[in-house]
Amino acid sequence: MNNDVVQGAIPSQPGGGDGPAAQAAQPAGPARDAGDTGYSKDLKPRHINMIAIGGAIGTGLFLGAGGRLASAGPALALAYAVCGLFAFFVVKALGEMVLHRPSSGSFVSYSREFLGEKGAYVAGWMYFLNWSTTGIADITAIALYTHYWSFFTPVPQWVLALIALAVVLAVNMISVKIFGELEFWFAVIKVAALVVFMLVGIVLLATQHPVGGSTPGIGQIVDHGGLFPNGLMPVVIVLQGVVFAYSCVELVGVTAGETAEPHKVVPKAVNAIMWRVGFFYVGSVLLLALLLPWGEFSDGESPFVTVLSRLGVPFAGDMMNLVVLTAAMSSLNSGLYSTGRILRSMAVSGSAPKFTARMNRSQVPYGGILLTAAVCVVGVGLNYVVPGKAFEIVLNIAALGIVSTWCTIMLCHLVFVRRARQGLVERPAFRLPFSPWTEYVTIAFLVGVVVLMWNDPEVGRSTVMLVPVIAAALVAGWFAVRRRVGAVAAGERREP
């Protein structure tokens, strides 16, 4: 297959009569994904920048950090730092490919270009699995957070989940500009909450003001078992959840297809992710560990609420619950947005149902969005049948989708760099450093996270056991769509 013409895509420039020798002499123009046509360019730089921030801050920090601190201790900050570094490598690699060719199909489009249609098929459906199950987790979380207020307690959990899905679905269907505005303000709320808390925490540390009867400082770590109070294994086990906490960083690549100046906006947004991860995640977790002994935190309560409650701050739980609710709504909003674009890219190539390629008058791919929402309706059913277990069931499946997506991005980048060295494509100045070793180490780390899940008999082991089931489903699905994919590719090859 020609290097500059991939299935589901057409070349950006006519190939003429150039043969392989001529192709080797000069870089080919980047392939253009046929699924990128028809989109508006209404996302502004401030939207992209705040979406990048919002993608790195979610319920994994606001709520999940409490239980992880209780099990792993202060070393959780190291876990966030390590996973954050690899998350940065992934989004840096993706950002480089965005500058090579901006696409709303993002890594699925790049998989088609560099790994072939089978790679795009696996990447797309694993990403759909990730976000559809994450969407179920999000609507479950929204229902649980809403029940915090007594006014909503009489309302069944499944009803609240259905209402949340309907509201976010309606927002996504209106226009990409409305999506961008909503994500912008969601991110503002999350960032403002974290900044205020960290300022309060720094003042408490500087003044040695007691928190819950104990004095903040390094003694909260040293006097309670040190950095690894429960040993190394609990830190290893929480890596799965920490990786999930960073699961939205790749959204920057999807949004690049709907902004007017991706070459200016994307590098700034990607480079800023590194310090945001260090400041917000590592900094806030370390601050929590310095304010209270790690044993004071619990799985069922936001760690920020724990600290504020010990200070006697009125309505601390209400304020933080509102922030966590915002984070869950933001995640659901992002999931519907991104899967709609990814599924459209796949549908144009034949590997997703045809209706997912449809767009409305506002240039929104409503077919893919509706398919994701339909799976989330299954989540509403889970909230009706097993309201106490719905969140845990889907969260573990989503983790596999995240690992698969990140590995795909790094594999695409490996092939991209190899082709650049062969003179077939041209790498932009914005580059992932130390390639190909960065890709190898990142892939090894991600595979290692899945392998280490086996050490968690309660949750991780059952998640790993799903791998062959998902693989079998993907193989069966490929045999169902391969003729259609081949027909689409053959038709595009005949185009002048």
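Residues numbered from 1 in each chain as written. Predicted model: local features only at pLDDT ≥ 70, side-chain atom pairs only at ≥ 80, totals over all residues. Heavy atoms only, no water.

### Considering the overall build of the protein
Just so we agree on the cut-off: Strands here mean DSSP runs of E at least two residues long; helices mean DSSP runs of H or I at least four residues long; both are numbered from the N terminus. Contacts are assigned to residue pairs with any non-hydrogen atoms lying within 4.5 Å of each other. Computed with the Shrake-Rupley method and a 1.4 Å probe, the accessible areas treat only the protein chains shown as cover for residues.
Regarding its fold elements, the protein presents 21 helices and two strands. Contacts in the protein between residues far apart in sequence, at least 24 positions, make up 80% of those at least 6 positions apart. Summed over all atoms, the accessible surface of the protein reaches about 19500 Å², with 67% contributed by carbon and sulfur.

### Here's the deal with the packing of aromatic side chains
Put simply, the test is: Aromatic contacts are taken between Phe, Tyr and Trp rings whose centres are within 6.5 Å, Trp giving its six-membered ring; a plane angle under 30 degrees counts as stacked, one over 60 as edge-to-face, and the others as tilted.
Within this structure, the stated rule accounts for 17 aromatic pairs. An aromatic cluster is present here, built from F86, F88, F89 and F445 joined pairwise through their rings.

### Quick word on the confidence of the model for the protein
The following threshold applies: pLDDT measures the predictor's confidence residue by residue and takes values from 0 up to 100.
Summary statistics for the protein give a mean pLDDT of 81 and a share of 86% for residues scoring 70 or more. Element-level pLDDT for the protein is lowest in helix α1 (residues 20–25), with a mean of 40, against a maximum mean of 92 in helix α19 (residues 437–452). This model gives residues 1–26 a pLDDT under 50, and the stretch forms 47 contacts once residues within four places in sequence are excluded.

### Points about the pattern of salt bridges
Threshold: We define a salt bridge as a side-chain nitrogen of Lys or Arg found within 4 Å of a carboxyl oxygen belonging to Asp or Glu. Buried means the residue's accessible area, taken with a 1.4 Å probe over protein chains only, is under 20% of the maximum for its type, while exposed means over 50%, and partly exposed covers the values in between.
This structure, assessed with the given rule, holds four salt bridges. When the shortest N-O distance is used, the salt bridge between E96 and R427 registers 2.5 Å. Residue E96 is located in helix α5 (residues 76–100), and its partner R427 is located in the loop between α18 (390–421) and α19; the two are separated by 331 residues in the primary sequence. Residues E96 and R427 agree in their burial class; the two are buried. Notably, a salt bridge pairs E113 with R101, separated by 2.8 Å at the nearest N-O pair. Of the two residues, E113 is situated in helix α6 (residues 106–114) and R101 in the loop between α5 and α6; the sequence distance between them amounts to twelve residues.

### Some details on the side chain of E117
Convention followed: Any N or O atom pair separated by 3.5 Å or less is treated as a polar contact, with the protein-specific requirement of one donor-capable and one acceptor-capable atom, and with residues adjacent in sequence counted only for side-chain atom pairs.
Topologically, E117 is positioned in helix α7 (residues 117–146). Judged by relative accessible area, which is 4%, E117 ranks as buried. At 3.1 Å, the side chain of E117 and the side chain of R112 are in polar contact. Engagement of the side chain of E117 in a polar contact is seen with the side chain of S349, the distance being 3.1 Å.

### A closer look at unusual backbone geometry
Following S435, the chain continues to P436 via a peptide bond in cis, the omega torsion being 10°. The residue P436 is located in the loop between α18 and α19 in this model. Even without being glycine, Q363 reaches a positive phi, approximately 65°. Along the chain, the position of Q363 falls in the loop between α16 (316–349) and α17 (366–385). Looking at Q363, the relative accessible area reads 31%, which means it is partly exposed. With phi around 60°, F434 is a residue other than glycine that occupies positive phi space. Here F434 lies in the loop between α18 and α19. On the accessibility criterion, F434 (70% relative accessible area) is exposed.

### Here we look at the packing of α7 against α16
This is how it is decided: Each axis is a line fitted through C-alpha atoms, taken for helices only over the stretch in contact, and angles between the N-to-C directions span 0 to 180 degrees. Any angle that falls under 35 degrees is termed roughly parallel, while one over 145 is termed roughly antiparallel, one within 65 to 115 roughly perpendicular, and all others oblique. Each crossing gets its hand from how the near helix is turned against the far one by less than a right angle, where anticlockwise is left-handed and clockwise is right-handed. All residues other than Ala, Val, Leu, Ile, Met, Phe, Trp, Tyr, Cys, Pro, Asp, Glu, Lys and Arg, Gly among them, are scored as polar; the first ten of these are nonpolar and the last four charged.
Running from amino to carboxyl end, α7 crosses α16 at an angle of 155°, the nearest separation of the two axes being 8 Å. In terms of orientation, α7 lies roughly antiparallel with respect to α16. Taken as a pair, α7 and α16 cross one another with a handedness that is left-handed. When grouped by side-chain class, the residues that make up the contact of α7 with α16 number 18 nonpolar, eleven polar and two charged.

### Points about the nonpolar core
As a reminder, the rule being used: Nonpolar cores are built from buried Ala, Val, Leu, Ile, Met, Phe, Trp, Tyr and Cys residues. Side-chain atoms within 4.5 Å join them into one set.
Ranked by internal contacts, the top residues of the largest apolar core, which has 143 residues, are F62, L76, Y80, W125, F197, Y246 and W406. With 16 residues, the top contributor of residues to this core is α5. For W406, the residues in contact, after removing those within four places along its chain, are A87, V90, V243, Y246, S247, V249, E250 and L446.

### As for the environment of M198
Within the fold, M198 resides in helix α9 (residues 176–207). Residue classification places M198 among the buried residues on the basis of a relative accessible area of 6%. Residues M198 and F304 lie 106 residues apart in sequence; the distance between their C-alpha atoms is 9.8 Å. Setting aside its immediate chain neighbours within four residues, M198 contacts F279, F280, G283, S284 and L287.

### Describing the environment of V364
Topologically, V364 is positioned in the loop between α16 and α17. Setting aside chain neighbours within four positions, we find V364 in contact with N172, M173, I174, S175, V176, R341, R358, M359 and I369.

### Focus: the environment of L169
Locating L169 in the fold gives a position in helix α8 (residues 157–174). Residue L169 is classed as buried on the basis of its relative accessible area, which comes to 18%. Once the C-alpha coordinates of L169 and L336 are considered, the two residues, 167 residues apart in sequence, prove to be 7.3 Å apart. Residues contacting L169, with those up to four places away along its chain left out, are L336, I369, L370 and A373.

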